[in-house]
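Structure at a glance
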Amino acid sequence: MSGKRKISYIADIALLVVVAVVLAVTMAFSRSIELTLGLAYYVDAETGEVVSAKRTTVASADGAAELRVHFLDVGQGDCTVIELPDGKTMIIDGGENTKAVKTAILDYIDVNLPDDFAYFDYAVLTHADSDHCGSLDDVLDVYPARTFYRPNVEATNNGYQDPGKSELTVGAKTKDTVAYKNCIDSGYRANADFTPRGIVTDPSDETQTIYGGSGDNIYTFTFYSPLSDDYTDWNDYSPIMILNYRGFIFAMSGDAEKKNEEEFVQRTVDARTDGVEDKYDLFTDEFTVNVIKAGHHGSRTSTSQAYIDTITTEAGAAAAYYIISCGEDNKYGHPHPETIDRLGGMNVPKSNILRTDESGDLPFSVRTDADGVYRMFYGDTQTSATAGVLPSLPNGAQPEPEPEPTPGPDDGEQELVLVYREWNGIKLTWALVAWSGYACLVILVILHAALTAVFGRRGGKGRRR
């Protein structure tokens, strides 16, 4: 045997030994790996419902529940990821249909959400334009959403049958782009764990208000528009949304334009004299908002003065943070100078106007400070924001009871059952997958050694001649 062949054999054996040792070590973490890779998941032993593998609450270092709102940098588009105080999650829009945007969103989720994060509880598609729905389908293919809110627009591309057509209003407009069709299809697609529930956003339906938590940790996420069934501008299908946790309030509005905002403003004016108790009574002269996501990437035709005056006080408008999601040097000129000037006229400090094209991802949170008092933070910096009107539950809603401690899967009284995915009746455990892969590697190494021996002998004979 030549020296080169001997070295090759030793290298092959060393590779097998190293891989075997690494795989053996991973066996100690097999359950975590199985949950992370989706080979296994937990179900409620009583109901059979799939239980999220992610943490049950979003908590500060001291264990207090917290709200996290991530405004992602997706170039000329929109994407917001929200971690609610009770551990539920939401994604609003998904940017343009490009590989870079898809990668940016998935990478952000991978870094900032729990390692065993598996799905969203809610997904909201504000409207059908590609800079909002373009990569949302790719994200939902990886992390599906249990509940999918979508606009009152039928997807019709190339004969596609919109799975939510029966929920649309009669005569709803249609849009035949591939991006919109793909997003609708992913939003409704059943997976191995559950079948998503599709909902056409309708602010008149009180049951669409999202709320959760218990005691002081109650939060609400409420839709206030669109107030018409159809619009001439696709942007106006975007909902105006208010998220309230412990009196810290975020206002978001997709690409809502003049028509949508005017309807909303008029509805709040009517609420003051209509004698009907409903959610629009919230907007009194004292109501304030802490974070306002500027509509339509800071366009001059959105986030009007009337809209701002409706959702916050003069002092609140000056103190609020304004989020502008736009691409660097975008062809639309967003944000428009008129918008920046409007904010400046309200005495908004330049430091409170936050742009994704300048600052990248913009993470906010509501959590306890060093003294255990709830504050709003931008990144790691505590803001001067103050709490306002506390959230109130929609009519007929009941707060969740104080949660009982949930036994872990290894506790004495198990309430969760670990279920493995199967292939042809075989449980796909990490041990099976890992050592099956190792067996394939052994076969390849043997083939490599055999080929080396055969061609090595031939080469040697040729040299002797």
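Residues numbered from 1 in each chain as written. Predicted model: local features only at pLDDT ≥ 70, side-chain atom pairs only at ≥ 80, totals over all residues. Heavy atoms only, no water.

1. Here we look at the overall build of the protein
Our working definition: Elements are defined by DSSP. Helices are runs of H or I of four residues or more, strands are runs of E of two residues or more, and each kind is numbered from the N terminus. Buried residues are those whose accessible area, probed at 1.4 Å on protein chains only, stays under 20% of the maximum for their type, while exposed residues exceed 50% and partly exposed ones sit between those limits. Here, Shrake-Rupley sampling with a 1.4 Å probe gives the accessible areas, and only protein chains in the shown set may cover a residue.
When helices and strands are counted, the protein shows twelve helices and 23 strands. Among the 465 residues that make up the protein, the fraction classed as buried is 50%. When the accessible area of the protein is evaluated, it comes to approximately 22500 Å², of which 53% is carbon and sulfur surface.

2. Description of the pairing of strand β3 (residues 67-71)
Quick note on the threshold: Paired strands are those between which DSSP finds at least two bridges.
In terms of residue burial, β3 counts as a mostly covered element, since five of its five residues are buried. What you see with β3 is no split at all: L67, V69 and F71 on one side and R68 and H70 on the other are buried throughout. Here five bridges tie β3 to strand β18 (residues 362-368), and the two strands are oriented antiparallel to one another. Note that in β18 the partner of R68 across the bridge is S365.

3. Describing the sheet that holds strand β13 (residues 241-245)
We apply this condition: Each axis is a line fitted through C-alpha atoms, and for a helix only the stretch in contact is used; angles between axes span 0 to 180 degrees, taken between their N-to-C directions.
One open sheet holds the seven strands; their spatial order is β11-β12-β13-β14-β15-β16-β17, and the pairing between them is mixed. Of all the strands in the sheet, the pair left with one neighbour each is β11 (210-212) and β17 (353-355). This sheet shows a mean twist of 15° between the axes of neighbouring strands, independent of strand direction.

4. A closer look at the environment of D380
One can find D380 in the loop between β19 (374-378) and β20 (381-382). The exposure class of D380 is exposed, given its relative accessible area of 75%. As for D380 and F364, which are separated by 16 residues in sequence, their C-alpha atoms are 8.7 Å apart.

5. Thoughts on the packing of aromatic side chains
So the rule is basically this: The rule is short: rings of Phe, Tyr and Trp, with Trp giving its six-membered ring, pair when the centres are within 6.5 Å, and they are stacked under 30 degrees, edge-to-face over 60, tilted in between. Counted as over-ring charges are cases with an Arg CZ or a Lys NZ within 6 Å of the ring centre that also lie within 35 degrees of the ring normal.
Inspection of the entire model under this criterion finds 21 aromatic pairs. For the ring pair F283 and F287, a centre distance of 5.1 Å and an interplane angle of 75° mean the geometry is edge-to-face. A centroid spacing of 5.1 Å and a plane angle of 25° characterise the contact between F364 and Y378, whose relative ring orientation is stacked. Of this pair, F364 sits in strand β18 while Y378 sits in strand β19; the two residues are 14 residues apart in sequence, bridging distant segments of the chain. When its relative accessible area of 2% is taken as the criterion, F364 is described as buried. An aromatic cluster is built from Y224, F264, Y280, F283, F287 and Y307, whose rings are joined through pairwise contacts. One cation-aromatic arrangement involves R246 over Y374; the distance from NZ or CZ to the ring centre is 3.7 Å.

6. Description of the pattern of salt bridges
Pairing between side chains of opposite charge can happen when their charged atoms approach one another. The condition that has to hold: Salt-bridge detection follows one rule: a side-chain nitrogen of Lys or Arg within 4 Å of a carboxyl oxygen of Asp or Glu.
Enumeration over the complete set of coordinates arrives at 16 salt bridges. For R189, the salt bridge is made with D141, and the minimal N-O distance between the two is 2.7 Å. Placement of R189 in the loop between α6 (178-188) and β10 (197-200) and of D141 in helix α5 (residues 136-142) is noted, with a sequence separation of 48 residues between them. The exposure class assigned to R189 is partly exposed, which follows from its relative accessible area of 38%.

7. A few points about the confidence of the model for the protein
Condition: A residue's pLDDT is the predictor's confidence in that residue, given on a scale from 0 to 100. The contact rule is simple, with two residues in contact once any of their heavy atoms fall within 4.5 Å.
Overall, the predicted model of the protein reaches an average pLDDT of 88, with 85% of residues at or above 70. Considering only residues more than four positions removed or in separate chains, one finds that residues 52-56, a stretch of pLDDT under 50, has 17 contacts. Below pLDDT 50 for its whole length, residues 402-414 participates in ten contacts with residues either more than four positions away or in separate chains.

8. A word on the sheet that holds strand β4 (residues 80-83)
Pairing in this open sheet of nine strands is mixed, and the strands run β10-β7-β6-β5-β4-β3-β18-β19-β20 from one edge to the other. Edge positions in the open sheet fall to β10 and β20, since each of these has one partner strand only. As defined by bridge partners, strand β7 (residues 145-150) adjoins β10 across four bridges and the pair is classed as parallel. Within β10, the residue paired with Y149 across the bridge is I199. Packing against the sheet, helix α3 (residues 99-112) makes contact with β3, β4, β5 (89-92), β6 (120-124) and β18, and its axis sits at approximately 155° to β3. Sheet strands in contact with α6 are β7 and β10, and its direction is about 140° off that of β7.

9. Observations regarding helix α7 (residues 258-271)
In an α-helix there are 3.6 residues to a turn, and that puts residues three or four apart on one side. We apply this condition: Each residue after the first adds 1.5 Å to the expected span of a helix.
Between the first and last C-alpha of α7 there are 20 Å, a value that for 14 residues agrees with the 20 Å anticipated at 1.5 Å per step. For α7, the secondary structure elements touched by its buried residues are α8 (305-311).

10. Here we look at a nonpolar patch on the surface
Where we set the bar: Every patch collects residues that have over 30% relative accessible area and no salt bridge, joining them within 9 Å if they carry like charges and within 5 Å if they are nonpolar side chains (Val, Leu, Ile, Met, Phe, Trp, Tyr).
A contiguous nonpolar patch, built from I13, V17, V21 and V25 and spanning about 350 Å² of accessible area, is present on the exposed surface. Within the element layout of this structure, V17 appears in helix α1 (residues 3-26).

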